[in-house]
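Structural features, examined
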Amino acid sequence: MEEETPQSSFQAWLDRCLSDNGDGEVAHELRKEAQHHFQSLQPENNNSKPSSSKSTSTVAQDLTKASSSTSNGAMARLVSTLGPAFSQNNVPLNHKISALNCLIGASEGSRSLTYGVRQGVGNFLVELCRAETNAQDSDVEIMDSSNAYVDAENLTSTELTQQLEDMDRVHQQRNNGGSSLPTEDVRDGAIEGLIALLQSQLDIFPTQQSQSPDKNSSSPVSEAIGVVQQSMELRMELSMLGLRYRCENESSSNHYNNYNAGAGYDTISNGLNAEGLSQLPRIKRSLCFKLLEAGLDGLKVDKIKFDQLIAQLPQSSRQNDTLLPNSILKSMQKFAKLTSSCLHGETDPRCLLQLLCLLNKMQQIMLPLFSGASSIHNHTINFPTVEVFDAVAPYYPVHFTPPKNDPHGITREMLQDALMAVLCERGAMYEGYLSKGGRPDQEDAENDSMAILSARMFLERLDPSKYDDYDPPSSQESEEEDKLAAVRDLSNLLLPLTAESKAEHYDGTVPRKCATLTTSFVSELSSSLVRAHEEAVSSDRTADIHSLASNVRKFASSFAYNLAPACSAKVNDDSKHRDDSLLWEAFVHDANRRLATNLSASPQSMHGRSSTAYLAALAAEGGLPTLRKVLDVCVPRLLDLISNKDDSQSVDDEKMAAAVRGIAAFMSSCYVALQMWGRDNQGVKIYPHPLSKFISPIILRVADLLNETSLGGNISQLKQAAAGAFESALTAGDLSSLEDEDISAIENILDLMSGVVLKNDDDTGCSGSTAIDDGSLLKWKKACARALGAAIAIGFGNFEDSPANSCEKLALIAQSLLPKFIASSIEHPERASASEPDLERYDWMVLAGACANGSSNVSEQIVPLLLTSTIDSLQGTTSAQRCFPIMALSYLIRSGGPHVGNAFHGLSSSTTSAFDVINELCLPLDQATLKDESTIDAPKQVIRQLPVGMSHLQLPESLAKDEETKNATIQRAYSVLPYLVEAFACPSSASSCDNLVASVDQVLPPLSEQDEVKLYVTFPLLAALLNGQNYVWKVMNSTTALRLQAMTTYLAQFSISTDHDCHSRSAAASCFFAILTHGNDATDSDPGSIRNLLETVCFPAITDAAARMQQNFDRASTGNTEFDPTCVTNVEAVLDFMALLGSAAACRGGRCSQTADDIASCLIQVACTGSSSVFSFASPTKQAQRHPISDPASLAFILPAAAFGSMFSVKSGSPFWRQRIIHKTLPTLMKTLLEQATSQNPPALGSLAVVSHLLCCAPRSHLGDSNILQMIPTLIAGLVYYSKNLDALIQRDMALHALSGLSTVIAALTKILRVSPEDVSIDVLQFLFVILCKYSSHSFSCIGYEIYRRHHSKPLVAEHLQSI
């Protein structure tokens, strides 16, 4: 069989096009077939790079050499073959569409085409995009919709028939596509064809010219570069012409008749028929924008090929060939302007998002091309940044609220992000000063960079001019949020966002975005930030880090850091870096000079405080050059202010105090800046120290102020400010350069402060004071304590790098201070109150400050001394007195930094350690007080194999004595444990895990009273360790993990046993839960698995406890015996343990999820129906159903409901386990509520409690709106019933459980009023207020507040509230 040729295939396609019946199937099939055919024509090495060898070098195109076996030749033949489908008259419309689909499929299948083929096919498709002209023949005019009526008056029957036949003929011709001009569908098809054509790569193949051995001929690579440049220009022109023609209408089509891509580029107008574009449907506008994007994609492909060819040129000839011709730059400029004009008036969010993304892509592709040309030669053809900005600026900021149930998913955040991408030129990588082609100190208002234009627009939002038409938001909160958004946008625009971009600063150059700025704009930016900050300071009601003033300071300091010149001399000698430093000078120097005037004039005023905060932030995070500049300008002014004191004149203490605080703020900024420098430069120190020339006069002047104020008598704000400045000087300054006079001043100050902290409150260091404000006294003592702590930390620091005489003297001062404060910290304070168990003492503050600010050796000296004092204190007491050494240690762990915990848990066994304190707490008090006497008997040896405790073998008198000793020991331990627990909850406690677990494992199960006491002591510590934020489960060794896993059965039995007190059982349960959730995986058959513990420990215990409780209820109801509340307590304990197992299984997940579901189902079944597969409660009698509060058996149903609710209180685990359990248990509850709805009785207490717990703990989305609406009537009915019987309820035996149920009901109703107040009717609100008037409990007050807060603004509700 003869193989089918391409010519015959193309002819077959034409025949199918001409026989298309218009159903669309033929067009779709032809498009797919053409696509597959042209894909098969691509060579295998299509992506091979051009080379300079003569065998593969490429030059101008040669279509005569192309055969139909290549995509280029096949495309040319296809266009020729399909010509009759477009050129013949009276061709039906569907035939043209089918032929056009062949071209589209061929373009999609041709991944690479030559310049000539793309030009020819592109011109052909562009012509198909034209609109119809106004030249209409008489037949068409007859078919105008306004004239489609024949007036039969005065016409004969023959004339009427002839006219109707003519109209029908024209109508048929129109339906068959008889018009020679393309219709809308053909124009859209031509756009699709252009999209596929422009996205194909450029194919450059060898010709005879490229293989010419003539040495005088052009370089093959240079010829290929020229072809690529022509292709880049062609892509721009085809996409622009296609868009313009598609936007034509009948009245404007003649305006572009002379356009011809590839010949007369300069004749193409920049204008766009905006009216025609706006009249297109949204989907057709989107298609036009895809055409522009295809042109950009093709330009990007050509740029990659262009760079590959440039890399093959010799280095000497690259400079001229790398330049893009002016014609290409002009085409790209026109393209950018045309694309920007498409955005004007666009309101559809889908098209708006598409255009914004298109503009950003255009910036990413074109800006490097313009930048490369400008960096070599000063071209006057620039990227139209102003036009792009003018197009997008009206949309800033984005105000868009998507419609409800929007299927497109476009949000305001998406539009805002796309807009900011354009304004920030996100992803555009270019060098140099793009818009101006000059230095940053040169101005060109007509060619401002996008960074300047965008930043000015953001500044109008942050610092609006009084003369501009600025319409601020309605409220102060909205205006502040608006300005906060402006600061965030400035940060996104001018600050580097990635670590890579931040690294650019370390080479001494400013970031690329900042390189496009000018000195005048940077100065303008600095002034605007200062004004905005001052206004924010005057209006800010809070001083948190999220306030506007704080954000302005953060941006200003970060911007200064990015502009700051590098510190190396080599960089400072470079001319380019000197030019860059002009921007930093413009931003920092002017603001520094202006604001420093406020400091010297009135530092206490609002302007002065604002200036201090702004400059201190610049100094702290603006880089070392900024730090030195600020210190050199500001500190001398403030020093002069506090030094110019004339005793004969009155001194403004407020002004002096503000100046001293300003000095302290700048010293703290220096400390922060040096910390950042050391972190970023591997600990390299700065020399000279920025404060080296200021530290001595500061210390001397502060010493004078403190001495002067101490004689004056009052604890003024100046004295407090001086103490704070002294602390800052110690921590931030370089003390190695101090002279003897300075050291003497420091010693005198420390002696003064030591007297303030160590002496009684009545002695403040201010002799002669008559009336002391308590607040001032506290602030003064705290300031002294912080300064003393800093002095001790500095004295114990590492001075190996600075072995100066002054450092040795500071060390001696610290060594003399530390023992005083350790001795003071362990003593009983004279004014201590028993009602202040967490007393905060100033000597503790000194030690905490020393540990927090000093090195680890400070904590290593303090912690052992406190532990030794703790043991001495425990050995010297026989009752549960307050142990101040352990209280001081607890305070240090909380406030003294991580070194304290490391020192506490890093003590060796040869010294006093934490376990010595534990062992001391476990010793019986009688032995602890008499162990040094020779008359004491040796302790009995405990035999661990005995099945019972030793106490069971003792006589009654000895047993009572041991019980009394045990209780006293436990009471004393409980007075110390709250402070010791702090040490085992810190991150460093992981290192003590092995020893503590081993200590607990040795006494499980407890075989003596002493073992039980040790468990009471160690369980809280182990619970704190296992549940703390200390990563203990990640570093735990396998032996310890196995020991913990083996404890689970004992811990379970201990948790539910009533032989132990509630504190120890709670601690054991906490250990148990941590082991189950974090420990090793265990199979269901393992003794320590959750399923096995549930079946072997929990189920038998709950069955037995429930049976005993029911027996007690039965005997009490007959009057034979009194009600025993312990049986209810036992059931409650086992149910809580069962819920604990369920929570652990839910958090564990995996195969344990089924266990969690079973436990939850069991609890809710018993709470709602009274029975489950494991245990059951007796059904209430009819009398009990009518009045459930009077029946203890009915009140017992609250217990499983409370246990079910406790499962949801756990915060760990997967976020989905609550939703799964609700899905499993909700049907049981809803069925019960449906059955109870038909009854006249009050709601059952069990189901009411379940409803309350679910509404309190479960998210609304998990429950569902319909289910919540069914629960609310039960909740309201329960509240009504409780309120009517509250007086009788208090008299019942189980009043505590009933009141807990009432509290849960109120909590659930409070949540409903907070989340969805519309679910509660007006009548219910009125009834609730009646209850509130009758009962004034705290719970009712909470719900009353929610009612008022949610409903007072509604007129109808307000009327009811007024009537009540």
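Residues numbered from 1 in each chain as written. Predicted model: local features only at pLDDT ≥ 70, side-chain atom pairs only at ≥ 80, totals over all residues. Heavy atoms only, no water.

All right, on to the overall build of the protein chain then. Scanning the protein chain for helices and strands turns up 60 helices and 2 strands. In the protein chain, buried positions account for 51% of the 1364 residues. Restricting the contact set of the protein chain to residue pairs at least 6 apart, pairs at least 24 apart contribute 78%. As presented, the protein chain carries roughly 62,800 Å² of accessible surface, and 50% of it is formed by carbon and sulfur atoms. (Helix = DSSP H or I, 4+ residues; strand = E, 2+ residues; numbered from the N terminus. Buried < 20%, exposed > 50% of the residue type's maximum accessible area, 1.4 Å probe, protein only. Contact = heavy atoms within 4.5 Å. Areas by Shrake-Rupley, 256 points an atom, 1.4 Å probe, with all protein chains shown as cover.)

This part covers the packing of aromatic side chains. The full count for this structure, using the stated rule, is 13 aromatic pairs. Centroid distance Phe559 to Phe587: 4.9 Å. Interplanar angle 75°. Geometry classified as edge-to-face. Taken as a pair, Phe559 in helix α23 (residues 548-563) and Phe587 in helix α25 (residues 575-601) lie far apart in primary sequence, 28 residues in all. Following the ring pairs from residue to residue traces out a cluster consisting of Phe555, Phe559 and Phe587. Sitting above the plane of the Tyr245 ring, Arg130 keeps its charged end 4.2 Å from the centroid. (Phe/Tyr/Trp six-rings, centres within 6.5 Å; stacked < 30°, edge-to-face > 60°. Lys NZ or Arg CZ within 6 Å of the ring centre and 35° of its normal.)

Time to look at the packing of helix α6 (residues 115-128) against helix α10 (residues 220-246). Running from amino to carboxyl end, α6 crosses α10 at an angle of 10°, the nearest separation of the two axes being 10 Å. Here α10 runs roughly parallel to α6, going by the angle between their axes. Counting all contacts with α6, which are made through Tyr115, Arg118, Gln119, Gly122, Asn123 and Val126, the residues of α10 involved are Val227, Gln230, Ser231, Leu234, Arg235, Leu238, Leu241, Gly242 and Tyr245. Residue classes in the contact of α6 with α10 are distributed as 7 nonpolar, 6 polar and 2 charged. (Axes fitted to C-alpha atoms, helices over the stretch in contact; angles between N-to-C directions. Parallel < 35°, antiparallel > 145°, perpendicular 65-115°, else oblique. Nonpolar A, V, L, I, M, F, W, Y, C, P; charged D, E, K, R; others polar.)

Under the criterion given, the structure shown has 38 salt bridges. A salt bridge links Glu184 to Arg246; the nearest nitrogen and oxygen atoms lie 2.8 Å apart. Highlighted residues: Glu184 in helix α9 (residues 184-199) and Arg246 in helix α10, separated in sequence by 62 residues. Between Arg235 and Asp302 there is a salt bridge; the shortest N-O distance is 2.6 Å. A residue pair is termed long-range when its members are at least 10 positions apart, and Arg235 in helix α10 and Asp302 in helix α12 (residues 282-310) qualify at 67 residues. Just as Arg235 is buried, Asp302 falls in that class too. One network of salt bridges, with partners in common, ties together Glu184, Arg187, Asp188, Arg246 and Lys284. (Salt bridge = Lys/Arg side-chain N within 4 Å of Asp/Glu carboxyl O.)

Where helix α35 (residues 856-875) contacts helix α38 (residues 914-922), the axes come no closer than 10 Å and their chain directions differ by 10°. With respect to their mutual orientation, α35 and α38 come out roughly parallel. For the pair α35 and α38, contact is made by Leu867, Thr870, Ile871, Leu874 and Gln875 and by Ala914, Asp916, Val917, Glu920 and Leu921, respectively. Here the contact of α35 with α38 is composed, by residue class, of 6 nonpolar, 2 polar and 2 charged.

Within the protein chain, residue pLDDT values average 77, and 73% of them lie at 70 or more. Contacts of residues 176-182 to residues separated by more than four positions or lying in other chains number 19 contacts, the stretch itself having pLDDT below 50. Long-range and interchain partners of residues 567-573, a stretch whose pLDDT sits below 50, account for 11 contacts in this model, where long-range means more than four residues apart. (pLDDT = per-residue confidence, 0-100.)

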